[in-house]
Amino acid sequence: MERAVPYTVPLGQREVFQALQRLHMTIFSQSVSPCGKFLASGNNYGQIAIFSLSAALSSEAKEESKKPIVTFQAHDGPVYSMVSTDRHLFSAGDGEVKAWLWVEILKKGCKELWRRQPPYRTSLEVPEINALLLVPKENSLILAGGDCQLHTMDLETGTFTQALRGHTDYIHCLALRERNPEVLSGGEDGAVRLWDLRMAKEVQTIEVYKHEECSRPHNGRWIGCLATDSDWMVCGGGPALTLWHLRSSTPTTIFPMWAPQKHVTFYQDLILSAGQGPCVNQWQLSGELKAQVPGSSPGLLSLSLNQQPAAPECKVLTAAGSSCRVDVFTNLGYRAFSLSF
Amino acid sequence: MSSESSKKRKPKVIRSDGAPAEGKRNRSDTEQEGKYYSEEAEVDLRDPGRDYELYKYTCQELQRLMAEIQDLKSRGGKDVAAEIEDRRIQSCVHFMTLKKLNRLAHIRLKKGRDQTHEAKQKVDAYHLQLQNLLYEVMHLQKEITKCLEFKSKHEEIDLVSLEEFYREAPPDISKADITKGDPHQQTLARLDWELEQRKRLAEKYRECLSNKEKILKEIEVKKEYLSSLQPRLNSIMQASLPVQEYLFMPYDQAHKQYETARHLPPPLYVLFVQATAYGQACAHMKSSQPPRQDKTLSVAIEGSVDEAKALFKPHEDSQDDESDSDAEEEQTTKRRRPTLGVQLDDKRKEMLKRHPLSLMLDLKCKDDSVLHLTFYYLMNLNIMTVKAKVTTTTELITPISAGDLLSPDSVLSCLYPGDHGKKTPNPANQYQFDKVGILTLRDYVLELGHPYLWVQKLGGLHFPKEHPQQTVIADHSLSASHMETTMKLLKTRVQSRLALHKQFASLEHGIIPVTSDCQYLFPAKVVSRLVKWVTIAHEDYMELPFTKDIVEAGLAGDTNLYYMALVERGTAKLQAAVVLNPGYSSIPPIFQLCLNWKGEKTNSNDDNIRAMESEVNVCYTELCGPRPGHQLLTNQLQRLCVLLDVYLETESHDDSVEGPKEFPQEKMCLRLFRGPSRMKPFKYNHPQGFFSHR
């Protein structure tokens with residue numbers, strides 16, 4: 001095992017503090033660079049670390065290559081979400097979205113390109129941004145989070161064009177339906193809402209917790225994760241992880257997983273999900289658990305599949321959560337190693 | 001030879017003469033006597049060559065006659081007899097001639113021999129003479145070389161150089177005109193000059209001696225005067241003692257102390273000097289405080305000076321004499337478990353022997369508590385150890401859980417990170433231990449005191465790991481550079497320990513002693529209560545299921561103290577395992593939580609428990625309170641109670657369960673959950689009194 005128990009060396013004040021910080025670190029978000037060779041991950045202290053996947057995966061990888069090549073303080077609060085375009089890295093967390101140039105980051109000159117704050121109604125607490133979503137066709141970025149709205153930002157001009165209101169509690173997650181520009185959002189209020197971006201209005205609402213098959217009142221109503229593939233949608237959280245047919249708004253498969261799930265994604269003919277517990281779960285669409293691959297963190301918050309065509313050798317699944325480690329799965333069968341803050 | 005020849009001749013005569021009467025023989029003898037003498041003279045006259053011719057002729061004649069006789073005899077006949085007779089007569093004549101010739105030859109031979117002999121003797125005499133002469137020559141030559149090689153005594157004398165001689169010697173000695181050309185005279189002159197100079201120096205020497213004598217006498221007189229002064233001075237000193245005491249000027253005492261300090265071993269001496277200096281510097285800085293007795297650092301030497309003296313003397317001539325140390329051993333005997341090898345045990349005792357003198361440092365803190373430090377020096381190991389004791393002005397009620405806080409064994413543990421004082425700092429000691437079978441010094445620290453690294457540094461001892469040195473010398477500058485920091489650390493340590501001690505006393509009774517100046521950190525109403533605060537063993541801590549992370553992160557060393565706290569509210573029980581680093585409060589106590597409420601919740605299955613740990617462990621700086629932050633532990637515990645309140649009150653209500661919530665929400669929160677991990681609002685905002693997310 002990689003996590004061999006180290007000999008207890010007495011530490012000074014600084015070392016103890018650093019050790020405690022690492023111990024209580026949570027990695028909320030990940031994003032792969034456009035070249036596919038680097039992975040950015042953001043933690044609860046507002047730091048973004050850039051790992052070199054190609055170096056860590058190469059045959060002569062050492063312990064140091066599993067450490068970040070650069071770490072910088074991006075936000076004051078946690079970095080809840082990150083996405084990458086072919087030039088930029090967008091990070092968001094404490095109410096602001098910041099843009100960084102990948103080229104600059106890799107040169108280790110970590111200066112933000114710009115920052116934007118969606119128009120919030122005044123509040124004692126600045127609402128957080130939990131999810132970012134790129135809409136490539138419209139060249140826009142959708143932000144959603146604490147203020148229960150979806151904000152659309154035009155990347156050309158950097159202005160916020162519309163705000164979609166409808167959720168009654170904060171929004172956890174977003175998903176894009178590629179064909180017709182529609183966006184799905186799931187939130188703490190237990191509802192999955194489908195938005196038509198052109199008409200800027202809500203077209204469908206699924207209140208998951210109201211369906212008896214999947215409701216789990218002791219866990220709450222919240223929808224923590226969401227993924228979609230044409231007419232199909234999978235969501236989980238407080239209620240059980242469920243596969244839905246969107247047009248008919250009916251749950252088709254309920255996946256037997258007790259723990260609340262925090263991230264879900266379609267992968268080929270499988271569904272990958274992660275959440276409470278150290279495992280990455282792989283499901284058949286029929287609801288069978290194909291495999292449970294243990295990682296190194298007690299809980300997982302994000303999965304990232306590196307499918308950049310530019311770097312086929314770095315095609316890996318990375319998973320991060322409530323530890324300072326990012327687990328790397330070179331194939332879906334087992335955890336190869338962990339990158340560490 | 002001549003006699004022999006005469007004998008031969010006699011029978012011949014007889015034979016040839018036949019048997020005629022003896023008288024005839026006598027007559028012929030006398031005749032022959034006369035002829036003999038003449039014959040000798042005759043020899044000189046005759047020519048040997050002619051004699052030889054004659055001899056040859058005679059022989060031929062004889063041969064011819066013999067042959068004729070032979071011839072006649074063989075022919076036989078009567079007439080031959082006469083002829084034979086005739087012939088025989090002729091032969092006889094020839095025989096006579098032959099005889100004569102024979103005699104002559106003999107005489108000649110004899111003569112020749114005599115001449116040869118004579119000549120030989122002469123030659124021998126000459127030869128001997130020659131030998132004598134040669135010997136004499138050789139001897140003379142030897143004498144000459146001996147003379148040539150003779151060394152004069154004056155050559156050994158180191159004379160002044162030639163130039164110097166001509167420059168300094170007076171002309172009546174140097175006589176430059178004579179000596180310049182003649183080296184012999186020159187040498188003589190130089191020798192004269194040498195003699196002259198030596199004479200002068202001898203004179204001077206005598207003068208100096210007398211001078212010295214005089215000065216010695218003077219010294220003697222002055223000494224006598226001084227010694228007569230001593231009793232008078234003593235009496236003055238005696239008289240001044242009450243005055244000194246009255247004026248708080250313990251010069252006399254200090255003097256005595258310095259006298260004793262001379263017998264301290266070097267490291268203790270360094271420490272003594274530096275500590276005294278530091279103490280005085282501190283006293284000067286606070287010159288506003290009038291009485292000297294209030295100074296924060298006081299230094300005293302303990303132990304018997306006589307023993308130290310006794311130790312020092314044999315130490316000089318025989319270093320490893322073990323028999324002379326019985327007296328000291330009695331004092332410093334360590335009571336250890338008996339071992340089978342008594343001899344080995346003795347060797348161990350000898351190795352771990354302390355110097356009879358020790359140094360007492362009393363460090364006074366602001367609240368009048370005193371840290372008593374006793375420094376020892378282990379002579380054979382060349383390390384210093386310290387024993388510590390804390391006394392307070394007021395009697396402390398010792399809580400059960402505070403047992404280790406002020407114990408001499410652990411009060412100074414890890415003053416500097418990692419300095420637990422259980423291993424010897426001198427790398428050379430390990431080899432010494434191997435010899436006598438000591439595994440580690442750890443078993444002996446209770447009796448000997450702890451060999452902390454800072455103690456060595458205060459004593460000026462430095463044992464570099466990279467460059468092991470043969471001898472480690474006590475260094476004043478090293479001690480001085482560490483003195484201030486260490487003293488401050490010591491004071492902080494005592495204060496933090498006393499503060500903890502006080503806090504523990506309350507904690508054991510379930511009261512969290514939040515001071516008024518920390519009250520703003522917490523809401524007015526805290527429902528959760530601390531119900532238990534106990535100390536637990538390191539091993540127990542390691543075995544707790546929810547402390548794995550801390551152990552793996554290397555934060556659970558055996559130098560730490562471990563506690564278990566239990567916070568309760570209603571049916572919810574929150575266990576908190578606490579690691580108290582000896583470096584409290586600069587290094588915070590570390591909490592690991594386990595909540596028993598609707599199942600067991602720890603940081604591995606509940607992100608909010610993890611967040612609560614993070615609130616007390618990572619965000620501890622907010623909880624330090626006023627400097628120096630010794631209230632941290634109390635505040636952390638109080639914070640934990642608040643966190644538990646928030647956790648329980650914000651727990652989402654299960655709609656399916658009938659009845660009221662067990663914990664109605666009383667805290668004011670802006671939002672219940674936030675972010676992907678659905679954090680609860682744990683942050684308390686002071687004057688407004690609401691809770692928000694971090």
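This text gives an overview of the structure that appears in the document. In this text, all values refer to a predicted model and were calculated from it rather than measured experimentally. (Residues numbered from 1 in each chain as written. Chains lettered and ligands numbered in written order. Predicted model: local features only at pLDDT ≥ 70, side-chain atom pairs only at ≥ 80, totals over all residues. Heavy atoms only, no water.)

**Quick look at the overall build of chain B**
Across its full length, chain B carries 21 helices and eleven strands. Within chain B, the fraction of its 694 residues that count as buried is 40%. Split by element, the accessible area of chain B, about 41,700 Å² in all, is 56% carbon and sulfur. (Helix = DSSP H or I, 4+ residues; strand = E, 2+ residues; numbered from the N terminus. Buried < 20%, exposed > 50% of the residue type's maximum accessible area, 1.4 Å probe, protein only. Areas by Shrake-Rupley, 256 points an atom, 1.4 Å probe, with all protein chains shown as cover.)

**Points about the sheet that holds strand 10 (residues 140-145) of chain A**
Residue and element names in this part refer to chain A. Across the sheet, which stays open at both edges, the four strands sit in the order 9-10-11-12 with antiparallel pairing between neighbours. Pairing within the sheet leaves two strands with one partner each, and these edge strands are strand 9 (129-135) and strand 12 (159-165). This sheet shows a mean twist of 20 degrees between the axes of neighbouring strands, independent of strand direction. Two elements, strand 10 and strand 11 (residues 149-154), share five bridges in a ladder whose sense is antiparallel. If you follow Leu 143 over to strand 11, its bridge partner there is His 151. (Pairing = 2+ DSSP bridges. Axes fitted to C-alpha atoms, helices over the stretch in contact; angles between N-to-C directions.)

**Looking at helix 1 (residues 13-23) of chain A**
All of the buried residues in helix 1 of chain A are Val 16, Ala 19, Leu 20 and Leu 23 of chain A. The buried residues of helix 1 of chain A occupy an angular sector of 100 degrees when the element is viewed end-on, so they sit on one face. Those residues of helix 1 of chain A that are buried are in contact with helix 19 (548-552), strand 8 (590-596) and helix 20 (607-617) of chain B. (Arc of directions from axis to C-beta. Contact = heavy atoms within 4.5 Å.)

**A closer look at the nonpolar core**
Residue and element names in this part refer to chain B. The biggest cluster of nonpolar side chains holds 102 residues, and the ones touching the most others in it are Leu 359, Phe 375, Trp 454, Phe 504, Trp 533 and Leu 633. The dominant element in this core, judged by the number of residues it contributes, is helix 21 (residues 632-649), at eleven residues. The residues that make up this core include at least three from each of domain 3 (261-284 + 294-309 + 341-495) and domain 4 (510-652 + 661-692). Apart from residues lying up to four places away in sequence, Trp 454 is in contact with Phe 375, Val 386, Leu 412, Leu 415, Tyr 416, Asp 419, Thr 486 and Leu 490. (Core = buried A, V, L, I, M, F, W, Y, C linked by side-chain atoms within 4.5 Å. Domains from an automatic or database assignment.)

**Considering the sheet that holds strand 19 (residues 242-245) of chain A**
Residues and elements named next belong to chain A. Read across the open sheet, the four strands follow the order 17-18-19-20; overall the sheet is antiparallel. Each end of this open sheet is capped by a strand with a single partner; those strands are strand 17 (223-229) and strand 20 (250-254). Averaged over all adjacent pairs, the angle separating strand axes in this sheet is 25 degrees, with direction ignored. Of the pairings in the sheet, the one linking strand 19 to strand 20 comprises four bridges and is antiparallel in character.

**Details of the interface of chain A and chain B**
Between chain A and chain B, the residue contacts involve 43 residues of the former and 41 residues of the latter. Across the chain A to chain B interface the summed buried area is about 3,700 Å²; carbon plus sulfur atoms make up 57%. For chain A, the biggest contributors to the area lost against chain B are Leu 23, His 24 and Glu 125 of chain A; these three give 17% of the whole. A salt bridge links Arg 678 of chain B to Glu 188 of chain A; the shortest N-O distance between them is 2.6 Å. Taken together, the connections running from chain A to chain B amount to eleven residue pairs in polar contact (both at pLDDT 80 or more). When residues in the side of chain A that touches chain B are grouped by element, the largest group, seven residues, is from helix 1 of chain A. Here the residues of the side of chain A that touches chain B sort into 22 nonpolar, 14 polar and seven charged. (Buried area = accessible area lost by both parts, 1.4 Å probe. Salt bridge = Lys/Arg side-chain N within 4 Å of Asp/Glu carboxyl O. Polar contact = N/O pair within 3.5 Å; in protein donor to acceptor, adjacent residues only side chain to side chain. Nonpolar A, V, L, I, M, F, W, Y, C, P; charged D, E, K, R; others polar.)

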